[in-house]
Amino acid sequence: MIINVLYLHGWHSVPGGTKPTWLEQQGITIIQPALPSDDFEATIAIGNQALLENDIDVIVGSSRGGAAAMNLDYGQIPLVLLCPAWKRWGSATTVPARTLILHAEEDEVIPYPESLELLAHSGLTPEDHLITTGHDHRLADAGSLRHLLQAIRTSVS
């Protein structure tokens, strides 16, 4: 089964990072536009354009990219959010039931309790929608990468 992922990278990051590269090595098709660090509205426009131009199965957003994912016109497309920076960018304060969040309790950039707060605002339970993984904000360790792949596969099943 081919899975097409729109991958929205974080602030001051670029396409081709560890996570999307590893996902491609696992057979996931990654669409990863370059997002400007200084213009959130342009980031949203780029993300929405990518949705229009591609047949996307899952949107993965990392940190600021997670906030961007929450603010897209995603319809029924599931979201996988990595340490989402929703309190810093955009206006979305809830996520739909087809959302999984991965977050490290030791995250030094986006506090772990912010993901708990997002789920509470959304009427969702951490038991069903939060995967605690990793040791820092990057979530680039082997365990977190495996959790990310499983979250993507779970989202499309």
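Look up a bit, the structure's there.
Parameters at a glance
- Residues numbered from 1 in each chain as written.
- Predicted model: local features only at pLDDT ≥ 70, side-chain atom pairs only at ≥ 80, totals over all residues.
- Heavy atoms only, no water.
- Patch = residues over 30% accessible without salt bridge, like charges linked within 9 Å, V, L, I, M, F, W, Y side chains within 5 Å.
- Areas by Shrake-Rupley, 256 points an atom, 1.4 Å probe, with all protein chains shown as cover.
- Salt bridge = Lys/Arg side-chain N within 4 Å of Asp/Glu carboxyl O.
- Lys, Arg positive; Asp, Glu negative; His and termini not counted.
- Charge placed at Lys NZ, Arg CZ, Asp CG, Glu CD.
- Helix = DSSP H or I, 4+ residues; strand = E, 2+ residues; numbered from the N terminus.
- Contact = heavy atoms within 4.5 Å.
- Buried < 20%, exposed > 50% of the residue type's maximum accessible area, 1.4 Å probe, protein only.
- Pairing = 2+ DSSP bridges.
- Axes fitted to C-alpha atoms, helices over the stretch in contact; angles between N-to-C directions.

(A) Spatial organisation of a negative patch on the surface. Among the surface-exposed residues, E105, E106, E108 and D136 lie close enough to one another that they form a single negatively charged patch. Topologically, E106 is positioned in the loop between β5 (99-103) and α4 (112-122).

(B) Spatial organisation of the side chain of T43. Along the chain, the position of T43 falls in helix α2 (residues 40-53). Look past the residues within four positions of T43 in its chain and what remains in contact with it is L35, P36, R64 and A68.

(C) Looking closely at the pattern of salt bridges. Per the counting criterion, the structure on display carries two salt bridges. For E114, the salt bridge is made with R88, and the minimal N-O distance between the two is 2.8 Å. With a gap of 26 residues between them, E114 in helix α4 and R88 in the loop between β4 (79-82) and β5 connect regions that are remote in the sequence. You can call R88 partly exposed: its relative accessible area is 39%.

(D) Molecular detail of unusual backbone geometry. With phi around 45 degrees, C83 is a residue other than glycine that occupies positive phi space. Inspection of the secondary structure puts C83 in the loop between β4 and β5. The exposure class assigned to C83 is buried, which follows from its relative accessible area of 1%. Residues other than glycine seldom take positive phi values, yet L139 does so here, at roughly 50 degrees. Relative to the helices and strands, L139 resides in the loop between β6 (130-132) and α6 (142-156).

(E) Representation of the sheet that holds strand β2 (residues 29-31) in the model. Sheet architecture is open: six strands sit in the order β2-β1-β3-β4-β5-β6, paired in parallel fashion. The sheet is open, and its two borders are formed by β2 and β6, each paired with just one other strand. Mean inter-strand twist for the sheet, computed between neighbouring axes without regard to direction, equals 20 degrees. Strand direction decides the pairing type here: strand β1 (residues 4-8) and strand β3 (residues 58-62), joined by four bridges, are parallel. Directly across from Y7, in β3, lies its bridge partner V60. Across the sheet, helix α1 (residues 18-25) lies against β1, β2, β3 and β4, angled at about 150 degrees from β2, the strand it touches most.

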